[in-house]
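Chains, contacts and geometry: an overview
What follows is the residue order along each chain.
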Amino acid sequence: MAAEKLRDLSQPIDVALLDATVAAFYGTGSKEERTAADHILRDLQNNPDMWLQVVHILSNTQNLNTKFYALQVLEGVVKYRWNALPVEQRDGMKNYISEVIVKLSSDEISFRRERLYVNKLNIILVQILKHEWPARWQRFIPDLVAAAKTSETICENCMAILKLLSEEVFDFSRGEMTQQKIKELKQSLNSEFQLIHELCLYVLSVSQRAELIRATLATLHAFLSWIPLGYIFESPLLETLLKFFPVPAYRNLTLQCLSEVAALSFGDFYNMQYIKMYNIFMVQLQTILPPSTNFPEAYANGNSEEQAFIQNLALFFTSFYKAHIRILESTPENINALLMGLEYLINISYVDDNEVFKVCLDYWNSLVLELFEAHHNLDIPASTVNMMGLQV
């Protein structure tokens, strides 16, 4: 009887009954009850009208599993049927999800308490964005940035949304969107990045709130590999990151950001900034982790944060040297800083961890190959070189 009542979607669903069915599925009942609940929930999920009940369910349940079930139904619709829905239904759902996110993240207590739920709502919002933005939701980034300025918890959640958006567009979108759509989203993110850049710098210069600063650094990390270089080198961004590097609470996130910057390579235009960045970094690193440290021992005895720091350090040095070792080699005043960094990397290579060793080994392999080729080329007579049209 209860099952029939739930399956009748011509009227608002009985949320208490749905809560009981979800609870039975998650194991409060017998095996038979679980199986029956599973059947009902699957039938509901497969019903094309079920998603119209989502707002009613989310507004009337306190049960996290029920909320997640409703969002699962919605996610299926967003992924596979969104563009076929009438405009007013799309707009209604878009506005509802945005409002719930703002409401929950504007209050510190509800934001922390409902964190899992807010995270899931963020994911759905980004799925909707992949269809709606920029053509049908042009104001999304300006509105998000404006909302972020109204409260620190809303700002923290806006950073999480921006990070998800960057990851979706740049890392996970293959196979889910056409190349044309991916290109359009990348262009939109690029053209609107100034607002995001200003927001990140503003937070890092004025906020005292650790969670918000960490969220901002994590978002920057997702963005740094693709944003226009001027935002990194012609703004206070790099300076700001280097300021955060010595602070233990932000050290790993900042180092990940600096590694992204170190891996970028676009000709010689920003060589001086790279030299300055490297030298400041080396001065700070010596106070954080003196070169005389026994790295294998420090790693073996370190907590997960300290171990991650050594892993991130290996990535920073190898990324920097692969892209920019030439500029450090070419000026005598930078040779000492370069040698000290290489010594750090040698010491890190002794750490008993496969991933760390692979990162170091990959770099030593490319360095030795380069040295061998340079030496080998010097042995070829000049006439041969000219005949072959090669340049040493």
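Quick caveat, the model's predicted, so the values are computed rather than measured.

On to the confidence of the model for the chain. When pLDDT is averaged along the chain, the result is 91, and 94% of the positions lie at 70 or above. Ranking the helices and strands of the chain by mean pLDDT puts helix α16 (residues 251-263) first, with 97, and helix α22 (residues 382-388) last, with 42. In the model, residues 382-392 has pLDDT below 50 throughout and makes five contacts with residues more than four positions away in sequence or in other chains.

For the structure shown, the criterion picks out 27 aromatic pairs. Seen from their ring centres, Tyr274 and Phe320 are 5.9 Å apart, and the 75° between their planes marks the pair as edge-to-face. Of the two residues, Tyr274 sits in helix α17 (residues 271-288) while Phe320 sits in helix α19 (residues 304-329), which places them 46 residues apart along the sequence. Like Phe320, Tyr274 is buried. With centroids separated by 6.1 Å and ring planes inclined at 85°, the aromatic side chains of Phe281 and Phe317 adopt a geometry described as edge-to-face. With Phe281 in helix α17 and Phe317 in helix α19, the pair connects residues that are 36 residues apart, well separated along the chain. The class for Phe281 is buried, based on a relative accessible area of 0%. Given a relative accessible area of 0%, Phe317 falls into the buried group.

On to the packing of α17 against helix α20 (residues 332-349), then. At their nearest, the axes of α17 and α20 sit 10 Å apart, and the two run at 55° to each other. Between α17 and α20, the angle is such that the two are oblique. Two packed elements cross with a definite hand, and for α17 against α20 that hand is left-handed. Side by side, α17 and α20 meet where Ile275, Tyr278, Asn279, Met282, Leu285 and Gln286 of the first sit next to Asn334, Ala337, Leu338, Met340, Gly341 and Tyr344 of the second. Split into classes, the residues belonging to the contact of α17 with α20 amount to eight nonpolar, four polar and no charged.

What follows deals with the side chain of Thr216. Considering the arrangement of structural elements, one finds Thr216 in helix α13 (residues 210-223). Here Thr216 is in contact with Met159, Cys200, Val203 and Leu204, once residues within four sequence places are set aside.

Contact geometry of helix α5 (residues 64-80) with helix α8 (residues 115-132) gives a least axis separation of 10 Å together with a crossing angle of 10°. By the angle class used here, α5 and α8 are roughly parallel. Touching Leu64, Lys67, Phe68, Leu71, Leu74, Glu75, Val78 and Lys79 of α5 are Leu116, Tyr117, Lys120, Leu121, Ile123, Ile124, Gln127, Ile128 and His131, all from α8. In terms of residue class, the contact of α5 with α8 is built from eleven nonpolar, two polar and four charged.

Conventions and cut-offs
Residues numbered from 1 in each chain as written. Predicted model: local features only at pLDDT ≥ 70, side-chain atom pairs only at ≥ 80, totals over all residues. Heavy atoms only, no water. pLDDT = per-residue confidence, 0-100. Helix = DSSP H or I, 4+ residues; strand = E, 2+ residues; numbered from the N terminus. Contact = heavy atoms within 4.5 Å. Phe/Tyr/Trp six-rings, centres within 6.5 Å; stacked < 30°, edge-to-face > 60°. Buried < 20%, exposed > 50% of the residue type's maximum accessible area, 1.4 Å probe, protein only. Axes fitted to C-alpha atoms, helices over the stretch in contact; angles between N-to-C directions. Parallel < 35°, antiparallel > 145°, perpendicular 65-115°, else oblique. Left-handed = near helix turned anticlockwise from the far one by under 90°. Nonpolar A, V, L, I, M, F, W, Y, C, P; charged D, E, K, R; others polar.

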